[in-house]
Amino acid sequence: MSDCQLPYDDIEFQRSKDTSTKEKMANIDDVIVVNDEEENAHVNETTNRVEQQNNDEEDAPYTKRKRRKTSNAWVHFRTISNASGSEVPQCIHCGEKLKKLKDGTTTPLLRHINTSCPKLKAVNKGQLKLNVGFGNSTESSSLIQNWKFSNARMREVISHMIMVHELPFNFVEYELFNVLMKEANPAFNKISRASIRQDFQNIHYMVVTCHFVDSEFNLYKSILSFVDVPPSYSGVRIYDCLFKCLKDWNIETKVATLTVDNARTNDVVARKLMENLNLQKKLAIDGRLFHMRCCAHILNLLVQDGLSEIQAIIHNVRESVKHVGASPGRLHIFSELAKQLQMSKKQLILDVSTRWNATYAMLSTALEFKEVFENYADRESTYNTLPSNDDWKKVEDVCSFLSLFNEATKNISGSEYPTSNLFLSELYVIKEALDNVALDKKDCMNSMACKLKEKFDKYWGSSNLLISIGSVMDPRYKMKLIEFSFNTIYSENKAGAEIEIVRKTLDEMFTEYVETHREANVVSSGGAFAHVQTENGSGSSYSNVSSSFMSSRFGKGLKTGIAKYNQHIRSVDTVESVKSELAIYLDEGVYICEQGVSFDALGWWKANKLKFRILSKMAADILSIPITTVASESAFSAGGRVIDPHRSRLGTKIVDMLVCGADWYRHYYGVNKKNNKENDDVVYIELE
């Protein structure tokens, strides 16, 4: 028997007035009552009782015969005796007892079946469920349930499929894909790539981006994976998903930093990952540079908090832009007025309320059309949100002030150049502007500036080591910018202490790099004979003979005097020569570049890597760390530049690899996803 579903109304009991009672009941036995053994038992009981009654009537031909129960209603009722001995009908589904009926009356029974019985109401809403066995086995069974095709659910599943398997958005527009879906269910509606991209906004996923520097000091950014994060979206769950991704790439022990936004769940992720790496002693300076909070996200929190002071003005400007764009007619009127006033050809911008830089763009653009809005109000009677002159003055002051934040955000949001060396120079200018406005009580921006200053001190009340060391690794700044900017950012007493913290951290970090370099040299000098070379034939012959004699006489592990000296000079001379690299770098004057010419910090270190053998490695590691996760938002514009195990590998030529959190870019350099055991590259993680 195959699985099927039958509505209750489709079960018909064919009865004929001319057939005998036994034939009628035989037909009733063929009826399948679905998913209710009790109901089957009641039907059998009813059948047996009717047969017994007929037999009794045949045995007593002279007694008064009862009316035959020919109504279909009796299929759902049985007769029982009440306390007084009278027979009353009882529903076999819900067990309700009805009053004693007059002979031949079934109207109350039918009314109960059609409108009153709660069990039958529930069944009639859908289809009955059949228990059907498959094959010859009586133990294997399956329950067919009520089911309805949903295009919305199909879109959700397809969105997850595209994300998990990293398929292109236009996959849903493939001809054969749509043929397949139509064959599976003709009710399937075709989905566009624009729709599927929009559906992605409702999916909880993590994008892991890899930033790394190769041996030629070139900076790259590559997506590693899109990670589906199932509920609950706790820090532990996110950590598990991230760690699985890192393990798939065999870089779980190579993480150096984690850049995330300011969410509390990300604090849990950073703490657990740092604890794991600290146990293996894989982090520099005990992980003090490990957790990097997204600077762009912090700036967003600062400005959003400050903008709350002028929400009424922002509302009027936003509604003004909405009113103009509400219809083509209004937009045409506004455009004609702009032409008459010889305004710029810029277009009005409607902001996204959660992005302060979008609000800044809306305000600054609307400010340019101030006179157009005033003329537009004279022609549109429905326009009633025109900002006043005082409001426009405040908008102008706000835009002038926010331009500092906007410039800083643009500078640190790049992914094709180092950013850890750029933020400090922007930060102290912002702090200086906040202090100046906050001190002027008459300034209309005073309340907003005070709120911003409070948030600024909360997030940058103590120095951010990564930002500070990053600026030192820029030859244009070195310690000079630290000394200059800290006196603006901090009080006079605190500035000296913060500068000392940065200097001690630099020394400690450089010492660790020296130790790592020394150990690598000692290990590489272990096979001394392999490194001994001579320039003439006689020397080579003597060396070979001596080596052969020593090996045969005292064993293969014995080293010659030259080999021991080489090992000694590698360890001692290396340490002594590199001790002064940091001091030499800081004592030299800063690099002054021409105005208007972009400066490549990594290019400078590449040109000076022979002079600063170890410090250049440290600088490359620091400069490669992104300080924002803004680039994660452009993950869907990566196109085909995505690493997968079939076409991309990160080779051993890669010196450093920076895996920068939940936006995941992939590039064609590489480490084999499954076979990267021998690569000792440094890895940095950033989560969005």
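Please refer to the structure placed before this passage.
Residue positions are given per chain, counting from 1 as you read along its sequence in written order. Where local features are concerned, this predicted model is filtered to residues with pLDDT of at least 70; where side-chain atom pairs are given and counted, the filter is 80 or more; whole-chain, interface and lining totals use all residues. Values shown for side chains rest on all heavy atoms present in the structure; no hydrogens or waters enter the calculation.

Colleague: Help me understand the overall build of the protein chain, please; the structure alone is not making it clear to me.
Modeller: Regarding its fold elements, the protein chain presents 26 helices and 10 strands. Here the protein chain, with 688 residues, has 43% of them falling under the buried criterion. Within the protein chain, contacts between residues at least 6 apart in sequence are counted, and of these 71% link residues at least 24 apart. Throughout, the Shrake-Rupley method with a 1.4 Å probe supplies accessible areas, and for residues the shown protein chains are the sole cover considered. A total of about 37900 Å² of accessible surface is found on the protein chain, and carbon and sulfur atoms cover 50% of it. Numbering of helices and strands runs from the N terminus, with a helix taken as a DSSP run of H or I at least four residues long and a strand as a DSSP run of E at least two residues long. Relative accessibility under 20% of the residue-type maximum defines a buried residue, over 50% an exposed one, and the middle range a partly exposed one, all with a 1.4 Å probe and only protein chains included. Note on contacts: a residue pair qualifies if any of its non-hydrogen atoms lie within 4.5 Å across the two residues.

Colleague: Just to check I follow, could you spell out the packing of helix H10 (residues 295–307) against helix H15 (residues 389–412) for this structure?
Modeller: The geometry of a pair of packed helices is captured by two quantities: the angle between their axes and the separation between those axes. For helices, the fitted axis covers only the stretch in contact; all axes are lines through C-alpha atoms, and the angles between them, taken along N-to-C directions, range from 0 to 180 degrees. Remark: H10 packs on H15, axes separated minimally by 10 Å, with the N-to-C direction vectors making an angle of 165°. On the basis of their axis angle, the class for H10 and H15 is roughly antiparallel. When you trace H10 past H15, the crossing you get is left-handed. For the pair H10 and H15, the contacting residues are Cys295, Ala296, Leu299, Leu302, Val303 and Leu307 in the first and Val398, Leu402, Phe405, Ala408, Thr409 and Ile412 in the second. Of the residues in the contact of H10 with H15, the class split is 11 nonpolar, 1 polar and no charged. In these notes the angle categories are as follows: under 35 degrees is roughly parallel, over 145 is roughly antiparallel, 65 to 115 is roughly perpendicular, and the rest is oblique. Two helices cross in a left-handed way if the nearer one is turned anticlockwise from the farther one by less than a right angle. They cross in a right-handed way if the turn is clockwise. Residue type decides the class: Asp, Glu, Lys and Arg count as charged, Ala, Val, Leu, Ile, Met, Phe, Trp, Tyr, Cys and Pro as nonpolar, and the leftover types, Gly among them, as polar.

Colleague: Would you explain empty space enclosed by the protein in this entry?
Modeller: To find leftover empty space, a probe the size of one water molecule is rolled over the atoms. Within this scheme a cavity is a closed region of a 1 Å grid, computed over the protein atoms alone, that accommodates a 1.4 Å probe without allowing it to escape, whereas a pocket is open but has protein on both sides within 12 Å along at least five of seven lines; lining residues each have an atom within 4 Å of a point. Grid points are joined across faces, edges and corners, and a volume is the space filled by probe spheres set on the points. Evaluation of the coordinates by the stated rule reveals 4 cavities of 30 Å³ or more. Approximately 80 Å³ is the volume attributed to the second largest cavity. A per-class count over the lining of the second largest cavity returns 9 nonpolar, 6 polar and no charged.

Colleague: Could you clarify how one ought to interpret the nonpolar core in this entry?
Modeller: A general tendency of soluble globular proteins is for nonpolar side chains to be buried together. The biggest cluster of nonpolar side chains holds 94 residues, and the ones touching the most others in it are Leu402, Phe405, Trp460, Met473 and Trp605. Leaving out residues up to four positions away in the same chain, Phe405 has contacts with Leu299, Leu302, Val303, Trp356, Ile430 and Leu452. The term nonpolar core refers to a set of buried residues drawn from Ala, Val, Leu, Ile, Met, Phe, Trp, Tyr and Cys, joined through side-chain atoms within 4.5 Å. Ranked by size, the runner-up nonpolar core spans 25 residues in total, among them Val208, Leu224, Val227 and Trp249.

Colleague: How do you make sense of the environment of Ile92 when you look at a structure like this?
Modeller: Inspection of the secondary structure assignment puts Ile92 in the loop between strand S2 (87–91) and helix H3 (107–116). Measuring from C-alpha to C-alpha, the distance between Ile92 and Val75 comes to 8.7 Å, with 17 residues separating the pair along the chain.

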